[in-house]
Structures are given as structure tokens and as C-alpha cells.
Amino acid sequence: MSNLMGSRRQKAVDDGEQSLIGPPSDSATGGDLLDQDPSPPGFIYVLVSVSALGGFLFGYDTGVVSGAMLLLKKEMNLNTLWQELLVSSTVGAAALAALCGGSLNGRLGRRICILLASFIFSIGGIILSLAPDKVVLLVGRITVGLGIGIASMTVPVYLAEVSPPHQRGQLVTVNSLFITGGQFIASVVDGAFSYLSHDGWRYMLGLSVLPALLQFVGFFFLPESPRWLLQKGRSQEARQVLSRIRGGQSVDEEYDTIRTSIEEEEKEAGGGGLVILRILRHGPTRRALIIGCGLQMFQQLSGINTVMYYSATILQMAGVRDDKQAIWLAAATSATNFVFTLVGVWLVERVGRRKLTLGSLLGTALSLTLLAVGFLLSAQSSPPVTLHPVDSQNSTCRLYRSCEFCMLDPDCGFCYRENGTRVYDSSCVPVNQVSTDHSSWGRCSNQTEAADSPIWAYNYCPTSYSWIVLMGLILYLAFFAPGMGPMPWTVNSEIYPLWARSTGNACSAGVNWIFNVLVSLTFLHIAEFLTYYGAFFMYTGLVVLGLLFVQGCLPETQGLQLEEIESLFTGQLCSCGSSSPNDNRHVQYIRQGLEFSPAHYGAVGSDNAIAYITLR
């Protein structure tokens with residue numbers, strides 16, 4: 001590997017190139033594949049689109065449960081624990097499947113794993129659409145999670161291994177675009193079926209079968225990853241697949257680079273052993289794993305799936321009364337997520353992974369602060385409880401003196417009358433005293449003797465600050481979607497050597513899902529104990545920690561071939577995971593002619609400025 005890198009650097013100097021991966025060669029043949037910039041064949045787009053349906057399924061499940069939960073919690077009388085179980089069970093199953101996915105990827109290949117994932121997801125969708133009760137619904141959610149987990153770590157790896165180096169960032173980010181597209185389509189489906197008086201949630205959850213079947217059928221006609229084929233000794237098939245993917249271009253140099261890298265890795269393996277132990281013992285790969293897992297952890301700790309799983313619930317908490325209105329507003333936030341992921345696809349090869357991630361985290365922190373401030377203002381203007389019904393004396397609801405605290409108790413709801421913006425004759429009433437007949441609201445309508453009917457507010461308080469929360473949600477997704485949404489998956493698909501790629505991605509995807517479980521399973525309880533504004537201030541603090549982590553650890557991988565990226569982690573390029581203070585290397589930049597400001601941590605390919613890089 002070092003000989004290969006050295007020859008490429010020398011070639012850059014001898015030819016007077018301005019960059020290791022400089023501008024496209026004028027030579028029609030025999031040039032460095034990295035220096036060619038041809039229009040990719042149409043087949044690569046078909047391959048990427050069918051592969052990224054795994055991301056669509058991931059996004060659809062994330063988005064659809066937000067609206068479905070508003071209907072399910074009423075139709076099946078779900079308490080807070082069951083709501084969190086139905087959300088987090090899918091995530092927990094995905095975490096286990098993602099951790100096992102590394103071994104499956106290594107043994108079965110990327111293609112078979114994606115076929116397996118789409119088949120499992122199809123079965124889960126059928127179970128969800130037919131579920132007679134919440135227990136069977138839970139089984140369906142777990143089954144869906146198994147399919148999502150395998151797909152979530154396999155699809156980015158597959159896309160990275162089949163993409164041309166100069167387009168890899170964009171094509172891998174397409175998977176995240178499909179995730180946000182799935183969330184947007186799910187929110188529209190939620191809005192459409194929310195008008196059904198009964199069983200609308202069955203259609204919401206069951207329609208996920210269609211893209212799963214489409215991907216299952218499509219992958220019968222798509223090839224295996226050429227890098228995996230070479231690793232398994234199927235060299236002739238690997239060359240044919242690589243040539244097919246590249247549209248018949250000369251693939252000799254890329255093929256030789258991949259083969260040389262695999263041969264050197266096999267020599268270094270020295271008899272094999274558990275891959276995870278090799279990763280932990282090998283300094284550069286260990287540092288890559290720490291960065292990959294850290295990015296996935298902070299993606300979840302920034303609260304994204306709190307926003308996506310509970311977006312309709314959050315809007316209702318902010319004072320949006322009508323379920324249908326909350327669902328359609330959640331659809332607007334999902335549309336924002338989708339549109340700004342497109343911005344990320346456009347920016348990733350222009351500004352690089354590192355800058356995009358840092359900018360995203362900074363904006364995410366500011367928008368979470370705005371969300372918290374919106375809930376804080378709502379809490380400070382929360383209407384007081386003025387009536388305490390005698391028949392509620394045995395309930396904790398009678399202890400609350402304002403709507404804010406009444407709302408935080410899942411066993412209580414707020415009954416009130418209003419005249420314009422003035423709230424009066426309000427009381428905190430146990431939920432079990434309220435009739436399930438939503439047209440009369442049972443005992444809530446009998447709390448006072450006034451002729452006008454009171455309003456039953458469960459899970460929200462009347463407030464004039466709902467617009468701040470809605471603005472905060474939209475800004476949050478506008479900043480999160482281009483950077484912290486796709487970049488953890490994109491970076492993880494790039495930073496591991498081939499021998500560690502499946503296991504590294506499995507570990508990082510497992511970390512993503514584990515923290516996804518942690519966040520989604522605890523959000524409603526955290527909101528109860530810290531209040532809603534306290535929960536979002538907490539997420540703001542976690543995002544700031546993530547910003548510091550990225551600033552200190554993440555190198556730039558833009559434009560490098562996969563086989564070259566390992567060199568970024570061989571020394572001081574990232575101090576994360578260094579076993580010794582002496583385990584350092586220095587980065588030396590040599591420039592020709594153009595003004596150049598060195599990228600952080602030895603990022604290669606900063607436009608057209610670097611002549612070569614030496615590590616000493």
C-alpha cells in the first residue's frame with residue numbers, strides 16, 4: 001500500500017500536477033482512473049436508486065410512526081410506556097441486526113444481505129397491517145426493525161464500493177436523501193389516512209411493503225460489490241462487474257489498486273482472528289472506528305429521531321389542538337428535511353465532509369435552543385388551574401396548579417373554556433374520567449355549570465407560542481439534514497480498509513441504533529421530569545459536545561480513493577484513540593503556484609492546490 005501511495009505521489013510531482021487527484025486527464029485512454037471525469041453511465045443511477053430503497057424504508061418507518069401514533073394511542077388506549085415501546089422496539093431490533101450485519105456482509109456479500117433485509121421488512125409490513133392488538137403490533141415493529149438494521153449498515157457500504165471516487169460522496173449521500181424522502185412520503189400518507197375514522201394506521205404502516213418488494217425484485221438483477229468479489233478470490237467476476245458499473249471504461253488501474261490493497265491486507269492479517277480484535281489492535285483502524293461510532297452517537301444524541309418519531313406529538317405539545325393539523329404540520333417539517341438533504345447532496349463534494357458536518361452541528365445547536373425557548377415561553381404563560389372538582393380528590397391531578405404540570409402527567413388532561421385568548425373555568429382532570437366519545441368528552445363537559453362546552457386538552461396547553469416551536473423544528477431540520485443527517489453514514493462507508501469495512505460499519509450502525517433506542521425510549525419520560533424545554537436544552541448541550549468532537553477528530557476524505565483513506569489515520573491526523581503520545585506523524589504540504597490554506601488534519605484534495613503529501 002505504501003509503495004502504491006508513493007508511486008502516485010511521485011507521478012503527481014513528475015507530471016507537474018496540482019493535486020493528487022487533480023483535474024481530468026485529456027488522454028482518452030491509459031490515464032489514471034482518478035483523473036478521469038466522464039459522465040457516469042445510466043446503470044450506476046439505477047444501481048444507486050434500487051440500493052437506496054433500503055434508506056427509503058428506513059425513512060418511511062421513522063416518519064410513519066409519528067402520525068400513526070396519534071391514532072394508535074387513542075384506538076388501542078396506549079399509555080406512555082407502550083407508545084415508547086412501539087417506537088423503540090423497532091430501533092432496538094435494528095441495533096441487534098446491524099451488529100450482526102457485519103458478519104453476514106462478510107460471509108454472504110452485500111447483495112444477499114440487501115435481499116434478506118427487504119424480505120424481512122416485507123414480512124414485518126404485512127404483520128403490522130393485520131395486527132389485531134398491540135402485542136402483535138409490537139411483533140411487527142420488531143420484525144421491521146430487523147430488516148432496517150441489516151439494510152442500514154449494508155447499503156452505504158455497497159454504494160461506497162461501487163461508486164466512482166469523484167462521485168462517491170454524492171452517491172452515498174443519495175441513501176440519506178432516500179431516508180428523508182421516505183420520511184416525507186410517510187408524513188403525506190399519514191395525513192391522507194388520518195381522515196379515516198377507523199384503522200387508518202393499518203394503511204400507514206402496511207404500505208411499507210411496496211418499496212420493500214420493489215427492492216427485493218430489483219436486486220435479483222444487480223451485481224455484487226466488485227471489492228467483495230475480489231476479497232473472495234472471484235477476480236474474473238470482479239473485473240466484469242467493475243467494467244459493467246463503469247460503463248465499459250478502462251478499469252485496469254482501479255482494479256489493480258483494489259487487488260493490491262486486498263493482497264497487502266491479507267498479508268498483514270497473519271492468520272486472521274476476530275476482525276473486531278484486529279481493529280482494536282491496529283491504531284489507524286481503531287481511530288477510524290472511534291470517529292465512525294462517535295459520529296453515529298452524536299447524530300442520535302442531537303435528538304433527530306425524537307423530532308422524527310414524535311414530530312406530530314411535539315407540535316401537539318406546543319399547542320396544536322387538532323390531530324390532523326398536527327400530522328400535516330409534521331409533513332411540512334418532513335418536506336424541509338427532504339429538501340435540505342438535497343442541499344447536502346449538492347454540497348458534499350464542494351465543501352467536503354468536515355466543513356459540512358461542523359456547520360450542520362452549529363445550526364442544529366442554535367435551532368434546538370429556539371425550540372427550548374418556545375417551550376419555555378409556553379410554560380411561563382401556562383394558564384392556571386382555577387377549578388378543582390370534588391370527585392378528583394383521589395387523583396394526583398388535583399395537585400397541579402397550572403396546565404404546564406397537568407400536561408406533563410400522562411394520566412391527566414386539561415379542561416378549560418376560552419373567550420378569545422382568555423382561558424377560564426379550567427381544571428386538571430384524570431384521563432380515566434374522560435369518555436372515549438370524543439364528541440362529548442364525557443365528564444369534562446360536566447366540570448362546570450356554564451352553558452358553553454369546555455375544551456379537552458390532552459398532551460397540550462393553550463398557548464400563543466406554537467409558531468416558535470414550529471419555526472424551531474423547521475430550522476432544526478434545515479441545518480441537520482445537509483450535514484449530520486447523511487455525513488455519519490457517508491464517512492463510515494469510506495474510512496475503513498476493506499478487511500474492516502463490514503465490521504466497522506456494523507459497529508457504527510449498531511451504535512447509531514443503540515443510541516436511537518436510548519433517545520426514543522426516554523424522550524417522553526425526560527420531558528416529564530425535565531419539562532419539554534428542559535429536554536431540548538439538554539439536547540442542545542449534547543450537540544455542543546458533538547461539535548467539539550468533530551472539530552478535534554474528523555479528517556477530510558473528499559475525493560480520495562477508498563484504498564488511500566486509511567493513510568489519514570496513521571498518525572497525528574486524528575488523535576482520537578492514540579495508544580501512545582509518541583504515535584504521531586506530521587503532515588507536510590507542498591504547493592505549486594496557487595494560494596493554499598491547508599485543510600484541517602491533512603485533508604487531501606483541497607481543490608487544485610496540493611502537489612503531494614508526505615507522512616513522516
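Scroll up to find the structure.
What you see is a predicted model, and the numbers here were worked out from it, not measured in a lab.

Let's hear about the packing of helix α18 (residues 353–380) against helix α20 (residues 466–480): which residues, and what values?
As a packed pair, α18 and α20 sit with axes 8 Å apart at the nearest point and diverge in direction by 170 degrees. As summarised for this structure, α18 and α20 are arranged roughly antiparallel, according to the angle between their axes. Between α18 and α20, the residues in contact are S360, G363, T364, S367, L368, L370, L371, G374, F375 and L377 and I468, V469, M471, G472, L473, L475, Y476, F479 and F480, respectively. Tallied by class, the residues present in the contact of α18 with α20 amount to 13 nonpolar, 6 polar and no charged.

Help me get a handle on the pairing of strand β2 (residues 422–430), residues and values and all.
Examined bridge by bridge, strand β1 (residues 412–419) and β2 share 7 bridges and lie antiparallel to one another. From the neighbouring strand, C412 faces β2, where its bridge partner is P430. Between β1 and β2, which pair antiparallel one after the other, the connecting turn spans 2 residues, and G420 there sits at a positive phi close to 70 degrees.

Explain a nonpolar patch on the surface to me, and be specific about the residues and the numbers.
Residues F119, I123, I126 and L130 make up a contiguous nonpolar surface patch of roughly 390 Å² in combined accessible area. With respect to the helices and strands, the residue I126 is situated in helix α5 (residues 110–130).

Break down the sheet that holds strand β3 (residues 455–457) for me, citing the residues and quoting the values.
The strands making up a sheet associate through backbone hydrogen bonding, with each pair oriented either parallel or antiparallel. Pairing within the open sheet is antiparallel, and its 3 strands lie in the order β2-β1-β3. On the outer flanks of this sheet lie β2 and β3, each paired with one strand and no other. Neighbour-to-neighbour, the strand axes of the sheet open up by a mean angle of 30 degrees, direction not taken into account.

So what about the state of the cysteines? Which residues, and what values?
A disulfide bridge is the covalent bond that connects two cysteines by way of their sulfur atoms. Here the structure, examined in full by the defined rule, presents 3 disulfides. The partner cysteine of C397 in its disulfide is C412, sulfur to sulfur 1.9 Å. One disulfide, between C397 and C412, carries an S-S torsion of -95 degrees and so falls in the left-handed class. Taken together, the residues span a long stretch of sequence, with C397 in the loop between α18 and α19 (403–408) and C412 in strand β1 at a distance of 15 residues. Each sulfur of the disulfide joining C406 and C428 lies 2.2 Å from the other. Note on the C406 and C428 pair: the S-S dihedral is about 90 degrees, so by sign convention the disulfide is right-handed. Taken together, the residues span a long stretch of sequence, with C406 in helix α19 and C428 in strand β2 at a distance of 22 residues. A relative accessible area of 0% means that C406 is categorised as buried. With no disulfide partner, C293 has as its closest neighbouring cysteine sulfur the one in C507, 5.9 Å distant.

Outline the nonpolar core, supporting the account with residue identities and numerical values.
Grouped together as the largest cluster of nonpolar side chains are 70 residues, with contacts concentrated most on F375 and F536. The biggest single contributor to this core is helix α22 (residues 498–553), with 15 residues. Aside from chain neighbours lying at most four places away, what touches F375 is I314, M317, A318, V469, Y532, Y533 and F536. If you look at the next biggest cluster of nonpolar residues, it comprises 40 residues, including A68, M76, M153 and W513.

About the cut-offs
- Residues numbered from 1 in each chain as written.
- Predicted model: local features only at pLDDT ≥ 70, side-chain atom pairs only at ≥ 80, totals over all residues.
- Heavy atoms only, no water.
- Axes fitted to C-alpha atoms, helices over the stretch in contact; angles between N-to-C directions.
- Helix = DSSP H or I, 4+ residues; strand = E, 2+ residues; numbered from the N terminus.
- Parallel < 35°, antiparallel > 145°, perpendicular 65-115°, else oblique.
- Contact = heavy atoms within 4.5 Å.
- Nonpolar A, V, L, I, M, F, W, Y, C, P; charged D, E, K, R; others polar.
- Pairing = 2+ DSSP bridges.
- Patch = residues over 30% accessible without salt bridge, like charges linked within 9 Å, V, L, I, M, F, W, Y side chains within 5 Å.
- Areas by Shrake-Rupley, 256 points an atom, 1.4 Å probe, with all protein chains shown as cover.
- Salt bridge = Lys/Arg side-chain N within 4 Å of Asp/Glu carboxyl O.
- Disulfide = S-S within 2.5 Å.
- Buried < 20%, exposed > 50% of the residue type's maximum accessible area, 1.4 Å probe, protein only.
- Core = buried A, V, L, I, M, F, W, Y, C linked by side-chain atoms within 4.5 Å.

Read these as geometric descriptors, not functional statements.
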